[in-house]
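# Descriptive structure summary
Here is what each chain is made of, one letter per residue.
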There are 4 protein chains.
Amino acid sequence: MIVILRPNTPKELIEEVIKEVEKLGYTPHPIHGELQTVVAAIGDERIHHTLESLNVLPQVDRVIPVQKRYKLVSRESKSEDSVIDVDGVAIGGREFVIMAGPCSVESEDQLLSTAKIVRSLGAKILRGGAYKPRTSPYEFQGLGKHGLRLLETARKETGLKIITEVLSERDVEHVAASADILQIGARNAQNYQLLVECAKTRKPILLKRGMSERIEEWLLAAEYILSKGNPNVLLCERGIRTFETYTRNTLDLAAVAIAKRESHLPLIVDPSQGCGRADLVKVLCRGALAVGADALLIEVHPCPAEALSDGQQQIDFDVFAQLISELRPILNATGRMFV
Amino acid sequence: MIVILRPNTPKELIEEVIKEVEKLGYTPHPIHGELQTVVAAIGDERIHHTLESLNVLPQVDRVIPVQKRYKLVSRESKSEDSVIDVDGVAIGGREFVIMAGPCSVESEDQLLSTAKIVRSLGAKILRGGAYKPRTSPYEFQGLGKHGLRLLETARKETGLKIITEVLSERDVEHVAASADILQIGARNAQNYQLLVECAKTRKPILLKRGMSERIEEWLLAAEYILSKGNPNVLLCERGIRTFETYTRNTLDLAAVAIAKRESHLPLIVDPSQGCGRADLVKVLCRGALAVGADALLIEVHPCPAEALSDGQQQIDFDVFAQLISELRPILNATGRMFV
Amino acid sequence: MIVILRPNTPKELIEEVIKEVEKLGYTPHPIHGELQTVVAAIGDERIHHTLESLNVLPQVDRVIPVQKRYKLVSRESKSEDSVIDVDGVAIGGREFVIMAGPCSVESEDQLLSTAKIVRSLGAKILRGGAYKPRTSPYEFQGLGKHGLRLLETARKETGLKIITEVLSERDVEHVAASADILQIGARNAQNYQLLVECAKTRKPILLKRGMSERIEEWLLAAEYILSKGNPNVLLCERGIRTFETYTRNTLDLAAVAIAKRESHLPLIVDPSQGCGRADLVKVLCRGALAVGADALLIEVHPCPAEALSDGQQQIDFDVFAQLISELRPILNATGRMFV
Amino acid sequence: MIVILRPNTPKELIEEVIKEVEKLGYTPHPIHGELQTVVAAIGDERIHHTLESLNVLPQVDRVIPVQKRYKLVSRESKSEDSVIDVDGVAIGGREFVIMAGPCSVESEDQLLSTAKIVRSLGAKILRGGAYKPRTSPYEFQGLGKHGLRLLETARKETGLKIITEVLSERDVEHVAASADILQIGARNAQNYQLLVECAKTRKPILLKRGMSERIEEWLLAAEYILSKGNPNVLLCERGIRTFETYTRNTLDLAAVAIAKRESHLPLIVDPSQGCGRADLVKVLCRGALAVGADALLIEVHPCPAEALSDGQQQIDFDVFAQLISELRPILNATGRMFV
């Protein structure tokens, strides 16, 4: 850590900082600049007390951590890309993977018709929410266990793998029994108890970035899972909250490139949540592919205008077919395999 | 709901919207303006399908909800201020309440010395985290059940009521057995399963605003609790995440005034989280009081520089004493009672 | 406009709103819903008084504009893409255009060596700041008129067209005498006097989006230029300010797609400002191309580590060469011509 | 500056950084930690090249400035509060000053009636925009010179001092001839040419914080003025742009306290722009006073519903009278003098 003192700090107050640094387990190394003194505190920041608490001393201007706080998720810990095996579907390798399906599982018809279409167009994984986190308690909360049954039926009939969201620690076990990938939504992105509970299942976990989560915090949330012994994490960028109101969220495609550099984990992009508008999904899929995403998570519905949740961001079968055909030339250009 | 169509929409596409509005349970009422047609959809938005899904139709420019989505928390549902009874301490009435104590419970000494001081200066409620949500899995996670035991001891010795955070649905029962108020932190602000589980205890719940939660979403999170039959909610503004980096969060004091106007629930301000800097706590307490907060939640520690969590935002005993004495004239000026 | 009244507004207060709507030049059209009354105000919003002022009436909940506020920049006003002619270089057509060069013009050597390299790799336009808007008055402010002379020399020697920023109304005339495109930076994105002054020159104007400018506001800033009779506007997305600190700005690639849909004007992306990190420039160029940008504005410097401004976001000649070769397959895939 | 190298950087790449630091004018001081090397670069950052450009070297993780970039505005440069004399009205001293008046000057009647009322209630300074920066070119742009004439009339008739916005470098001279304070609006907060032009007049300048301006950037904008020899700057917090949509801006009252600590300049709060809603103005004035503002800038209009600009955030005469009477007890409590 680096402790920056205010200009003109008297000697005895510099000494106070040096002593406190020592007391908290670091070796202090003061550097006297032209106007200000800086105390470099040598020691492994991950096993010592943080020195950020020294900000309370009036002579301290700022405290700067030096080390990255994440370890297992970092490129330093594992330099080659992680490839996550989802019951035979590899994510993070040369193949580009498409996960598609309705926002919510609504009925057998709705789910199966969607599953068949998306499979025929190259999707390998079916998405569908059985438990829905809704902003209002009066909105459709999902079909719950019945929804999971329908997802199992869809898997049996189509061979698609299943990804579905888990909202409650108490649901983890039975959701994991039905799903191939556990999805953690943006609202639970820092619900560490839920992350730890999911980690125990050893299932792949798709971890969405929180609405206002910095990249470092997102990687640290993944670190919670890896540090519990589950390396199967898929990082998912789904847009961040900004002042812009034209879109529901601002899709941060630079974050995909950054996370791929900082971490060995695969990167997924959710363009549907990412903008909240069906008419932008196709173009954002192209952008996501171009910046190096390993997979897409796309909301597809037989009749979006009548969907029970988030209809405005779901695309219909025709648009999904166009999307796939528009992606193909860029897939070739970027050297990714698909179907 | 109001469905705004794009300029120059042909008649048959207007008809399509009108039919869809009807099909989704509303009475359509088209208004033909000079350049654009607007379809007012008459019906109770809280019991019908949302029409926001109509945004997928290309002729639809925007869909605007008319009604507020929250009901039980609103002033329309209850015009007088709610006063929440915390085992004899009333929050939301004429008395101004101070909740104070360490960020984390660290030891019996630390907790009891703090409890005695804050009580002697007028605090009625002791805060202290036994379960800590930490950004990194390698940081101090709290003393857990042992921390709860120490909080109980402090209550017995000082008579202070206890507020402590609950992180996990599975902890709700035993935390509720120790605490007088259950605290929901910003990271769990939209963890609806946890909110519902806490609601069942009938205990007062302090609900922090999420880091990037709009006021409407915050009130809807409270609605989850009220709609499960627990009216004892304390809304807590604790700063929102913005581009500004000087402070950890931007304390949104206008939100206090807005929430008090929209809702009958008491409003608490957490200046410690609200700025993340000990040196701003006193002045933000004054501001919070002046804009109409009913209570404060303040982090106080015997030696912040050596605290196990968030030392930089905790104040020591001397500063807490100054804070109280600086608040008194404004308490008098605003007609609030204190001690 | 749509005026939404609060629930339970008494008849006489509804009447008051209706009268005010009429007085302000609209035909009121009240709709009585189940819980609330809505007054649709019929009239052209661009020639009447805004009704947003009615928000001051206590019975008014919200006022919603119906019409778009921009006219000449909109697709409704001109459905085909505008192609801007920059002294023989067409921007906005099938050809993909690269503008590249140093952040600041520093010396003849620096500028000419860069100009020759970027031209040899396919750039058509040379960027370089002669007047630099710097956050601190103590930072390098640019070479001013001498910088313009060097840009003219570079044009003469390489045939590249010149884009350079203008900061002051008083500089517009002489900058326009040297430059082929006038650049308006993010800090001046809503400096309407400067926009109007630039408009008068009839030169093409590259208009950057402001740091926290909504898309609507950006298009309205362009409307200032078009409404003064200059249709030659290039819209430039350069990242918006968010809570994320890993990057200097968050490049909003969805905004490119949105602006292209809402407007006929060409869209340029500045990946250098867009992230503020040289190591992300290549990947963001690929993303920008994939979402439909018409041109790129890239900072290139012979030795970024020693640049006089923004060295951290400038790429060197080798990286620029890689960038171009990595773009080629995606250019082919998207059907854009280049060199 | 502190240059943090990546873990496992080989010796020769560390040497490269050390040499570059030296070349750019600093004395390098390497510190070898357990995992990473840090190079402290000793030298006055305000007169040397910034080392942030070293971020382009792949072995560099981050570069951290040590010194504050502002000088003349800082408390280090002048520890006592600056009191700005506005033709006999002192701002920044013990007296609390109210500036009030309409958003735009619309007519003699409107201005004079407002001026008389606000003076009778204790305001010392009259605000009123003659040149209005409007988001759309089709909105009312102000009365210009005629507006300035009306402001002069109001000064003559009431003795109030005049504050009015200046938008253009070309208007500075004649606006300064009419006004006692030149106002720089949020859109021009980093229009440095305008700031420098205003500085030359030696008039007091009220400098609003930009919509997404960090506190450091705001102080550096003030530094532009002070470094040109004009010490008469009033810093004005007017809300920042965030994700919250209930209010037009988020008033950042912590920023008032921070700016007062970092700088000796007086702090003004504009609650009208700060929230964009007339119904919140009173409560935010109380908050502003409580956190230590030296003055308020309040929009008052005889009939806000019919105002030509920003009617929704202007208060009428009755509310202004209530506001003043509600402020009085807090003024007394905080020891500020008023009228």
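The present account deals with the structure reproduced in this document. Every value quoted in this text rests on a predicted model; they were computed, and no experiment measured them.

So, how was this worked out
- Residues numbered from 1 in each chain as written.
- Chains lettered and ligands numbered in written order.
- Predicted model: local features only at pLDDT ≥ 70, side-chain atom pairs only at ≥ 80, totals over all residues.
- Helix = DSSP H or I, 4+ residues; strand = E, 2+ residues; numbered from the N terminus.
- Buried ≥ 20, exposed ≤ 12 C-beta atoms within 10 Å, placed from the backbone.
- Contact = placed C-beta atoms within 7 Å.
- Axes fitted to C-alpha atoms, helices over the stretch in contact; angles between N-to-C directions.
- Parallel < 35°, antiparallel > 145°, perpendicular 65-115°, else oblique.
- Left-handed = near helix turned anticlockwise from the far one by under 90°.
- Least-squares fit on C-alpha atoms with pLDDT ≥ 70 in both.
- Expected span 1.5 Å × (residues − 1).
- Pairing = 2+ DSSP bridges.
- Right-handed = clockwise from strand over helix to strand, strands pointing away.
- Nonpolar A, V, L, I, M, F, W, Y, C, P; charged D, E, K, R; others polar.

## Some words on the environment of A:Glu237
All names here are of chain A. Position of Glu237 relative to the elements: it lies in strand E12 (residues 233-237). Overall, the presence of 29 C-beta atoms within 10 Å leaves Glu237 in the buried class. As for Glu237 and Ala259, which are separated by 22 residues in sequence, their C-alpha atoms are 9.5 Å apart. In this structure, Glu237 is in contact with Arg209, Leu251, Asp252, Ala255, Val256, Leu267 and Val269, ignoring residues within four places of it in sequence.

## Examining the environment of D:Asn55
Inspection of the secondary structure puts D:Asn55 in the loop between strand E3 (37-42) and strand E4 (60-64). Here D:Asn55 falls in the buried class, since 21 other C-beta atoms lie within 10 Å of it. The spatial distance from the C-alpha of D:Asn55 to the C-alpha of D:Ile184 is 35 Å, given a sequence separation of 129 residues. Those residues in contact with D:Asn55 that sit more than four places away from it in its chain are C:Gln312, D:Val60 and D:Val63.

## Looking at the packing of helix H9 (residues 281-290) of chain D against helix H10 (residues 317-333) of chain D
Residues and elements named next belong to chain D. In contact at an axis separation of 10 Å, H9 and H10 are set at 25 degrees when each is read in the N-to-C sense. In terms of axis orientation, H9 runs roughly parallel to H10. The hand of the H9/H10 crossing is right-handed. Contacts from Val281, Lys282, Cys285, Arg286, Leu289 and Ala290 of H9 reach H10 at Val319, Gln322, Leu323, Glu326, Leu327, Ile330 and Leu331.

## Details of the relation of the copies chain B and chain A
Mapping chain B onto chain A calls for a rotation angle of 180 degrees and an axial translation of 0.0 Å; the resulting RMSD is 0.0 Å. In short, the pair behaves as if placed about a two-fold rotation axis. The rotation axis passes nearest to the C-alpha of B:Ser212 in chain B, at a distance of 3.0 Å. The share of interface residues of chain B whose copies in chain A are also at the interface is 98%, consistent with both copies meeting through the same surface.

## Observations regarding helix H6 (residues 215-226) of chain D
Since there are 3.6 residues in each turn of an α-helix, residues three or four apart along the chain are aligned in direction. Residue and element names in this part refer to chain D. Taking 1.5 Å of rise per residue, the 12 residues of H6 would be expected to cover 16 Å, and the 17 Å separating its terminal C-alpha atoms lies within 8% of that figure. Along H6, 11 of the 12 residues are buried, which leaves the element largely enclosed by surrounding structure. For H6, the elements touching its buried residues are helix H5 (192-200), strand E11 (205-208), strand E12 (233-237) and helix H7 (253-262).

## Some thoughts on the sheet that holds strand E7 (residues 97-101) of chain A
Residue and element names in this part refer to chain A. Spatial strand order, E7-E8-E9-E10-E11-E12-E13-E14: 8 strands in a closed barrel with parallel pairing. Averaged over all pairs of adjacent strands, the angle between strand axes in this sheet comes to 25 degrees, irrespective of strand direction. Alignment of strand E10 (residues 181-184) against strand E11 (residues 205-208), held across 3 bridges, turns out to be parallel. Bridge assignment links Ile184 to a residue of E11, and that residue is Leu207. Seen against the sheet, helix H7 (residues 253-262) touches E12 and strand E13 (267-269) and runs at an angle of roughly 165 degrees to E13.

## Details of the pairing of strand E12 (residues 233-237) of chain B
Regular strands have side chains that alternate between both faces of the sheet. All names here are of chain B. In terms of burial, E12 is largely enclosed, as 5 of its 5 residues are buried. Bridge count for strand E11 (residues 205-208) against E12 is 4 bridges, and the pairing is parallel. Each residue of the ladder has a partner; that of Ile205, found in E12, is Val233. Between the parallel elements E11 and E12, the chain passes through helix H6 (residues 215-226) in a crossover that is right-handed. Here E12 runs beside strand E13 (residues 267-269); their pairing, made up of 3 bridges, is parallel.

## What about the relation of the copies chain C and chain B?
Least-squares fitting of chain C to chain B yields an RMSD of 0.0 Å, with the superposition described by an axial translation of 0.0 Å and a rotation of 180 degrees. A share of 100% of the interface residues of chain C reappears at the interface of chain B, consistent with the copies meeting face to face through the same patch.

## As for the packing of helix H5 (residues 192-200) of chain B against H6(B)
When two helices pack together, you describe them by how their axes are tilted relative to each other and by the distance separating the axes. Residue and element names in this part refer to chain B. Across the interface, H5 lies against H6 with an axial gap of 8 Å and an inter-helix angle of 40 degrees. In this view, H5 runs oblique relative to H6, as classed from their interaxial angle. For the pair H5 and H6, the sense of crossing is right-handed. Taking contact as the criterion, the partners of Tyr192, Leu195, Val196 and Ala199 in H5 are, on H6, Ala221, Tyr224 and Ile225.

## Regarding the interface of chain C and chain B
Contact residues are listed per partner, giving 22 residues for chain C and 22 residues for chain B. Secondary-structure elements contributing two or more residues to the side of chain C that touches chain B are strand E1 (2-5), strand E2 (27-32) and strand E3 (37-42) of chain C. In terms of residue count, E3(C) provides more of the side of chain C that touches chain B than any other element does, 3 residues in total. Tallied by class, the residues present in the side of chain C that touches chain B amount to 11 nonpolar, 7 polar and 4 charged.

## Points about the sheet that holds strand E3 (residues 37-42) of chain B
Residues and elements named next belong to chain B. Within the open sheet, the 4 strands sit side by side as E2-E3-E1-E4. Their pairing is antiparallel. Both edges of this open sheet fall to strand E2 (27-32) and strand E4 (60-64), since each of them pairs with a single strand only. Recorded for the sheet is a direction-independent mean angle of 20 degrees between the axes of neighbouring strands. With 4 bridges connecting them, strand E1 (residues 2-5) and E4 associate as antiparallel partners. Following the sheet pairing, Leu5 is matched in E4 by Val60.

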